[in-house]
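Spelled out, the chains give:
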Amino acid sequence: MIAVNYSAARSNFKKFCDSAVHDFETIIVTRKQDENVVIMSETEYNNLMENLYVRSDKADYQRLLDSVDQLKHGKGKVRMLVDDDQE
């Protein structure tokens, strides 16, 4: 995470955008009166939103965690997928 003031961010905007995209850095642009702004890549933002959505339903999220735990302990099952187009 990088914290820069508004003037530095404005002067080096391309550099900070490139850092967010290529290095997956999160840049906090500090401003007066605690009105700070965050710059992050769209990929990171989408990932964050997806994680918030997945975690929004506690029961579904717990089911997901339980499934991951089962896989880690070798309790997964291999299944054949049925292709409906071949009927």
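Residues numbered from 1 in each chain as written. Predicted model: local features only at pLDDT ≥ 70, side-chain atom pairs only at ≥ 80, totals over all residues. Heavy atoms only, no water.

(A) Fine view of the overall build of the chain. The helix and strand inventory of the chain stands at 4 helices and 3 strands. Starting at the N terminus and ending at the C terminus, the chain contains elements arranged as β-α-α-β-β-α-α. Taking 87 residues into account, the globule formula puts the C-alpha radius of gyration at 12 Å, and the chain, at 21 Å, lies well above it. Principal-axis analysis of the C-alpha atoms places the extent of the chain at approximately 60 × 35 × 25 Å. (Helix = DSSP H or I, 4+ residues; strand = E, 2+ residues; numbered from the N terminus. Rg over C-alpha atoms; globule rule 2.2 N^0.38 Å.)

(B) Highlighting the environment of Ser41. With respect to the helices and strands, Ser41 occurs in the loop between strand S3 (37–39) and helix H3 (42–55). Note: C-alpha distance between Ser41 and Asp69 (28 residues apart in sequence) is 31 Å. Each residue touching Ser41, except ones within four places of it in the same chain, is listed here: Ala20, Val21 and Phe24. Reaching out from Ser41, the side chain makes a polar contact with the backbone nitrogen of Glu44 at a distance of 3.0 Å. (Contact = heavy atoms within 4.5 Å. Polar contact = N/O pair within 3.5 Å; in protein donor to acceptor, adjacent residues only side chain to side chain.)

(C) Layout of the nonpolar core. Grouped together as the largest cluster of nonpolar side chains are 7 residues: Val4, Ala9, Phe16, Ala20, Ile27, Val29 and Ile39. For this core, the secondary-structure elements that each account for two or more residues are helix H2 (13–22) and strand S2 (27–30). Contact partners of Phe16, with chain neighbours within four places excluded, come to Ile2, Val4, Ala8, Ala9 and Ile27. (Core = buried A, V, L, I, M, F, W, Y, C linked by side-chain atoms within 4.5 Å. Buried < 20%, exposed > 50% of the residue type's maximum accessible area, 1.4 Å probe, protein only.)

(D) Molecular detail of the sheet that holds S3. In space, the 3 strands of this open sheet follow the order S1-S2-S3, with mixed pairing throughout. Of all strands in the sheet, those bounded by a partner on one side alone are strand S1 (2–5) and S3. Each strand axis lies, on average, 25° off the axis of its neighbour in the sheet, ignoring direction. Alignment of S1 against S2, held across 4 bridges, turns out to be parallel. In the strand pairing of S2, Ala3 is matched with Ile28. Seen against the sheet, H2 touches S1, S2 and S3 and runs at an angle of roughly 165° to S1. (Pairing = 2+ DSSP bridges. Axes fitted to C-alpha atoms, helices over the stretch in contact; angles between N-to-C directions.)

(E) How the structure looks around the pairing of S2. Burial of the side chains of S2 is restricted to one face: Ile27 and Val29 are buried, whereas none of Ile28 and Thr30 on the reverse face is. What sits between the antiparallel neighbours S2 and S3 is a turn of 6 residues, in which Gln33 has the positive phi angle 60°.

(F) Molecular detail of H2. If you check which residues of H2 are buried, you get Phe16, Ser19 and Ala20. Seen along its axis, H2 keeps its buried residues to an arc of 100°; they face one direction. Away from its buried face, by an angle of more than 90 degrees, H2 presents the exposed residues Lys14 and His22. On its buried side, H2 packs onto S1, helix H1 (6–11), S2 and S3. Looking at the residues trailing H2, positive phi occurs at Phe24, about 55°. (Arc of directions from axis to C-beta.)

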